[in-house]
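# Summary of the model geometry
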Amino acid sequence: MPIGGGQAFPLHFFDGALPTPIRICYEIWDCSPDDWSAELEAVYGHVWHDPVSWAREVAGHGAEALYLRLKRAAMEPSADLTDVATDARRIVEASGLPAFVVGCGEPDVDSALLPLVAGELAGRRVALGNAESDTYHGIAAAAAGGGHAVIAYTPMDVSLAKQLNVLLAQAGMPEGDIIMDPTCSAVGYSFEYAYTVFERNRLAALAQNDTRMQAPLIANVGQETWQVKESRASEDDLPGHGERLARGVLWETVTALNLVLAGADVVVIRHPESARLLRSAMIGLSERTGAWD
Amino acid sequence: MGLSGLQIFKQLPKTNCKDCGYSTCMAFALQLATGKAGLGACPHLSPSVVELLGEIASAPVRRVEIGPADARVVLGEESVLYRHEKRFEHPAALTLLLTDSLGDAEFFTRLNAFAGQRFERVGELLRPRLIALESTNLDWLLRRAADVAERSDAGMVLISEDPRVLVAAAVHLKDRRPLLCGADLKTFDQLAPAAKELDCPLVLRGANLRELEDLGLKALDAGLQQAVLEPVAASPGDLLQAHVYIRRAAVRDKVKALGLPLISFPCRFSVDPLLQTALASAFLAKYSSVVVLDTIDPAHILPLLALTQGLYSDPQKPMMVEAGIYPLCDPGPDSPVLITTNFSLTYYTVMGEIENSKIPVWLLVMDVEGQSVLTAWAAGKFVADTIAQFVKKSGIEDRVSHRRLVIPGYVAGMRADLESELIDWEVVVGVREAADIPRFLRALGRES
């Protein structure tokens with residue numbers, strides 16, 4: 001699944017070639033989430049105790065790619081990391097989809113886990129993450145060894161993003177194997193900061209032709225928007241705000257679409273309805289008659 | 001925009017007469033350049049110089065005002081393509097479309113729903129601000145405009161395919177200063193003189209760049225200052241292209257005829273209100289000042305209002321919340337005390353996760369000039385001795401019966417130092433990522 005490669009901002013077909021479509025990935029976990037909104041539970045609650053079924057389920061919803069978060073390593077401290085890595089392979093294989101596979105978020109655990117995952121999935125070329133400024137070295141080496149790409153994660157800062165790309169390059173990571181996750185936030189929750197960081201990352205690549213910034217951008221939307229109260233609170237807890245499902249789906253879709261306009265090549269969502277809506281909106285925004293050329 | 005003090009100085013009398021209140025003409029020029037002084041302060045400028053400087057100093061997108069004097073909606077004065085270059089100036093107005101195909105009951109249901117939508121976010125009142133009435137029937141327009149005026153203070157957009165109806169409606173409603181929609185190349189000569197005379201802003205509608213530029217030029221020639229551009233597009237993709245091209249022409253190439261606010265109708269592209277909302281969000285980001293919808297469901301409106309508020313916020317101002325004690329979920333004397341920094345993104349993320357957990361917490365928010373936890377720690381602002389001072393002065397010791405402070409996982413290393421500074425307190429290392437806060441709080445609750 002090729003991603004990126006554009007010579008313009010996403011959806012700005014009138015400005016330059018955009019050879020690959022925006023990729024919509026579905027986020028799933030390798031264990032039952034304990035903090036996902038009731039609307040997500042309504043869709044996935046019956047399968048999320050069994051991540052292999054969950055992976056098949058999202059493939060059935062028309063997912064183009066999987067974003068697998070290996071949260072079990074953090075939630076079950078006694079879990080054997082070798083098992084976690086083996087399960088990761090089984091889940092990815094069951095989905096039959098191109099995959100982004102990220103660790104549990106605890107640096108010590110991930111530093112041990114991700115090399116095992118890279119080995120299990122060797123040859124399948126996943127995007128492995130997250131490589132951060134203090135853990136990138138081992139993860140980059142493991143990714144390269146297994147023929148994978150890496151997700152370079154930085155906390156919402158243009159210069160930190162560039163710095164990490166430089167470090168990854170020095171560690172021998174080929175340019176075409178880096179995907180940047182510059183951190184996103186949900187609409188209404190300092191979203192403008194994320195919007196501008198995406199926009200400035202993309203401008204650095206396009207307008208300033210900064211080769212260190214020409215990696216595709218991934219926006220991790222679902223985990224942000226499904227945490228906000230507008231997506232979680234029941235109609236009783238939030239009167240006068242409309243139905244919770246519409247709230248949650250639109251919060252996710254509007255956040256995702258605007259980050260695409262700001263430069264994201266890949267968006268990670270949680271709800272299949274958001275994926276459907278986002279795809280419809282992007283199809284509409286891609287249709288041109290030439291009248292305005 | 002962008003005129004330097006020196007360029008302005010060249011046009012001034014250079015007499016240093018001080019009539020403007022500044023000691024020299026150069027000082028005055030520098031204040032003019034930064035927008036801190038107005039041209040009117042100098043009584044010695046010739047009209048031609050005033051016009052020249054006024055022209056050059058004004059934003060590439062003209063200021064346009066809709067609505068009655070006590071509820072003005074101001075649009076335009078935009079000067080950048082990307083918000084970080086300066087800022088987006090006047091927030092876009094969400095607009096509800098009401099057409100004559102709606103029955104009485106439906107009309108009033110929607111109108112009342114419109115008036116009821118007011119959301120407070122970050123200390124600001126957000127709401128849809130304009131109502132668009134569409135009909136070729138003059139009586140309907142006038143009757144409904146009266147209903148709107150009675151039930152809300154919304155500004156109005158009057159839409160009619162019949163220019164005579166539009167002019168007649170404008171004559172009756174001119175005191176409310178509606179936006180008249182609209183004039184194309186065929187109807188321009190009928191509508192423009194009336195719009196100018198009645199002092200109502202006029203929509204200029206064109207099917208391609210050349211048509212719109214022609215209309216913009218005609219408006220300039222006719223002295224019609226108050227106008228809004230409506231690029232008519234067959235698809236959302238065409239509309240996105242039109243918006244981007246028009247704003248680029250205005251800002252980058254200084255094409256005056258296209259230096260006007262934009263109106264868009266995402267409601268024309270889909271009857272699915274969710275898709276309409278998604279498309280509307282794209283046009284909010286890409287330069288539309290008036291975005292017309294035919295949905296008024298709060299689940300659709302609020303994300304658009306919140307998006308607009310964010311996009312139009314000032315990126316030069318550090319994003320901070322006020323420091324202090326934030327009681328979340330109604331905490332009591334036994335509730336845990338967490339500390340974080342006053343960077344608004346950090347605060348909102350942490351606050352959101354605590355609210356999700358529904359576990360009562362005292363959140364201490366420390367002033368570190370709007371930096372995140374790690375940045376503030378690296379800058380020496382969020383370190384043991386400053387945190388200790390803040391905790392002692394915050395007054396939290398009077399609110400809780402325990403002495404247990406949870407610090408962010410990212411600054412785990414300062415735990416021992418902080419305990420030696422805060423002698424009565426036990427310091428607990430929390431989680432690194434906000435998403436893990438609910439889990440952490442539940443475990444903390446089980447522990448104690």
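Details of the structure are given in the entry above.
Right, let's walk through the structure included here.

The rules behind these values
Residues numbered from 1 in each chain as written. Chains lettered and ligands numbered in written order. Predicted model: local features only at pLDDT ≥ 70, side-chain atom pairs only at ≥ 80, totals over all residues. Core = buried A, V, L, I, M, F, W, Y, C linked by C-beta atoms within 7 Å. Buried ≥ 20, exposed ≤ 12 C-beta atoms within 10 Å, placed from the backbone. Helix = DSSP H or I, 4+ residues; strand = E, 2+ residues; numbered from the N terminus. Contact = placed C-beta atoms within 7 Å. Pairing = 2+ DSSP bridges. Axes fitted to C-alpha atoms, helices over the stretch in contact; angles between N-to-C directions. Arc of directions from axis to C-beta. Nonpolar A, V, L, I, M, F, W, Y, C, P; charged D, E, K, R; others polar.

## Quick look at the nonpolar core
As a rule of thumb, nonpolar side chains are buried together in soluble globular proteins. Counting residues in hydrophobic clusters, the biggest one holds 231 residues, and the most contacted among them are Leu66(A), Val101(A), Val150(A), Leu259(A) and Val267(A). A total of ten residues in this core trace back to one element, the largest contributor, which is helix 11 (residues 244-261) of chain A. Excluding residues within four positions of it along the chain, Val267(A) makes contact with Ile22(A), Ile24(A), Ala219(A), Val221(A), Ala256(A), Leu259(A) and Val260(A). In this structure, Leu12(B), Cys20(B), Phe28(B) and Cys42(B) belong to the second largest nonpolar core, which totals nine residues.

## A few points about the sheet that holds strand 7 (residues 218-220) of chain A
All names here are of chain A. Within the open sheet, the eight strands sit side by side as 6-5-4-3-2-1-8-7. Their pairing is parallel. What marks the edges here is a single partner per strand, and that holds for strand 6 (178-181) and strand 7. Taking each pair of neighbouring strands and ignoring which way they run, the sheet shows an average axis angle of 25°. The pairing of strand 4 (residues 127-131) with strand 5 (residues 149-153) spans three bridges and is parallel. Bridge pairing in strand 5 places Leu128 opposite Val150.

## Structural notes on helix 6 (residues 136-146) of chain A
All names here are of chain A. For helix 6, the set of buried residues is Tyr136, Ile139, Ala140, Ala142, Ala143 and Gly146. Across the axial projection of helix 6, the buried residues extend over an arc of 165°, all falling on one side. Buried residues belonging to helix 6 abut helix 5 (107-120), strand 4, strand 5 and helix 7 (158-170). In the stretch just after helix 6, Gly147 is the one whose phi turns positive, near 75°.

## Section: the interface of chain A and chain B
With 50 residues of chain A at the interface, the matching set in chain B holds 55 residues. Sorting the residues of the side of chain A that touches chain B by element identifies helix 8 (191-206), helix 10 (229-232), helix 11 and helix 12 (272-286) of chain A as the ones contributing at least two each. For the side of chain A that touches chain B, the element with the highest residue contribution is helix 11 of chain A, accounting for ten residues. In terms of residue class, the side of chain A that touches chain B is made up of 21 nonpolar, 17 polar and twelve charged.

## Brief notes about the environment of Met156(B)
All names here are of chain B. When you line up the elements, Met156 lands in strand 7 (residues 155-159). By the C-beta count within 10 Å, which is 28 here, Met156 ends up buried. Expressed as a C-alpha distance, the spacing of Met156 and Gly409, which sit 253 residues apart in the sequence, is 52 Å. Once residues lying within four places of it in the same chain are set aside, the contact partners of Met156 are Leu130, Ile131, Leu133, Ala145, Val148, Arg176 and Pro178.

## Structural notes on unusual backbone geometry
Of note, the amide linkage connecting Gly129(A) to Asn130(A) takes the cis form, showing an omega dihedral of -5°. Of note, the amide linkage connecting Cys181(B) to Gly182(B) takes the cis form, showing an omega dihedral of -5°. Positionally, Gly182(B) belongs in strand 8 (residues 179-183). For Met156(A), which is not a glycine, the phi torsion comes out positive at approximately 50°. Residue placement: Met156(A) occurs in the loop between strand 5 and helix 7. A positive phi angle, near 60°, is found at Lys358(B), a position not held by glycine. As for its position among the elements, Lys358(B) is in the loop between helix 12 (344-357) and strand 15 (361-366). Of the residues examined, Lys358(B) has 12 C-beta atoms within 10 Å and is grouped as exposed.

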